[in-house]
Amino acid sequence: MRTELVSEPGDPGRPNEDFASVGLPASGQGGSLVVLDGVTPPRDGGGCLHSVPWFTARLGGALTELTVSLPDVPLAELLSRALTRTAAGHAAICDLSHPRTPQATVVLARWSPASVEYLVLSDSALLVESPGGTVAALVDDRLALLPRSALATDALVDATLRNREGGFFTAAADPSVASRAVTGSLPRGEVRALTALTDGAARWVERFHQGSWADCLTLVRKEGPQSLVDRVRTLERADADRVPPRRGKTHDDATVVYVEL
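Residues numbered from 1 in each chain as written. Predicted model: local features only at pLDDT ≥ 70, side-chain atom pairs only at ≥ 80, totals over all residues. Heavy atoms only, no water.

Attention now goes to the sheet that holds strand E8 (residues 182–187). Here five strands make up an open sheet; going across it, the order is E2-E3-E4-E5-E8 and the pairing antiparallel. Because the sheet does not close on itself, it has two edges, and the strands there are strand E2 (18–23) and E8. Adjacent strand axes in the sheet meet at a mean angle of 5 degrees, parallel and antiparallel pairs treated alike. Bridge count between strand E4 (residues 104–111) and strand E5 (residues 115–121): six bridges; the pairing is antiparallel. Across the sheet, residue valine 107 finds its bridge partner in E5, namely valine 120. In the packing of helix H2 (residues 75–88) onto the sheet, contacts are made with E4 and E5, and the angle to E5 comes to roughly 50 degrees. (Pairing = 2+ DSSP bridges. Helix = DSSP H or I, 4+ residues; strand = E, 2+ residues; numbered from the N terminus. Axes fitted to C-alpha atoms, helices over the stretch in contact; angles between N-to-C directions. Contact = heavy atoms within 4.5 Å.)

Below, the structure written as structure tokens:
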């Protein structure tokens, strides 16, 4: 089995809000990957004393443990348990009902000799390559399908769309959000490789249109995750002088996990 992982902050002066891990159980049978993209809070805070990296580290650590130690429990249930555990760590001192309480997108995958299970929540992506080279992108596209007018301001998004019906969902404090994730299972023999990407790395496809998802996975397999992140950074720098300026961050945290089964 080959695994490679790269996670790089968008701004060297700020903590990386992403989390990534690959877990391999002591039995040597199967494994799991976890990728979280922390949601940057508004400048006026989100009702919590803790940072987004604090949240993603604890949620990611819980998910890494649970996906390896409880192989028979469905991924959505494990996400629910991990959210409950993380919320318990600061519920007594923080307002977890605030719409911008620390939160993250989630990609989980777990493989055994028989199957490959997956879970995707919000706008990170999981690419699955078959033995024949076909690549499928497993995504939660609810945010991408919303009209730009509905996303005009953070206040509007928080009041009408974030973790609401008709909007989109992220992993925050409410464990029931796990039931909103995109989940499924594939036979192990139908999967040759997995690539999980936060949206900061997925920009190569989604924002800069440098190739397809299949091209993206091929690039990562041949040149490694760092090459993809380096290419995104080059494109971001070239795009910084665009007129009119593009909405969103010039540079975003970028994380890529590649697993060859």
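Having seen it, we continue.
All right, on to the nonpolar core then. Counting residues in each nonpolar core, the largest one holds 25 residues, and the members touching the most others are Leu36, Leu59, Leu63, Leu79, Val106, Leu119 and Leu121. If you list the elements that add at least two residues to this core, you get strand E3 (31–38), helix H1 (52–69), H2, E4 and E5. Of all the elements, H1 adds the most residues to this core, at six residues. The residues touching leucine 63, leaving out its near neighbours within four places in the chain, are Val34, Leu36, Leu78, Leu79, Ala82 and Leu108. Membership of the second largest hydrophobic core comes to 21 residues, among which are Ala202, Leu217, Leu219 and Val229. (Core = buried A, V, L, I, M, F, W, Y, C linked by side-chain atoms within 4.5 Å. Buried < 20%, exposed > 50% of the residue type's maximum accessible area, 1.4 Å probe, protein only.)

So yeah, pure geometry; function would need other evidence.
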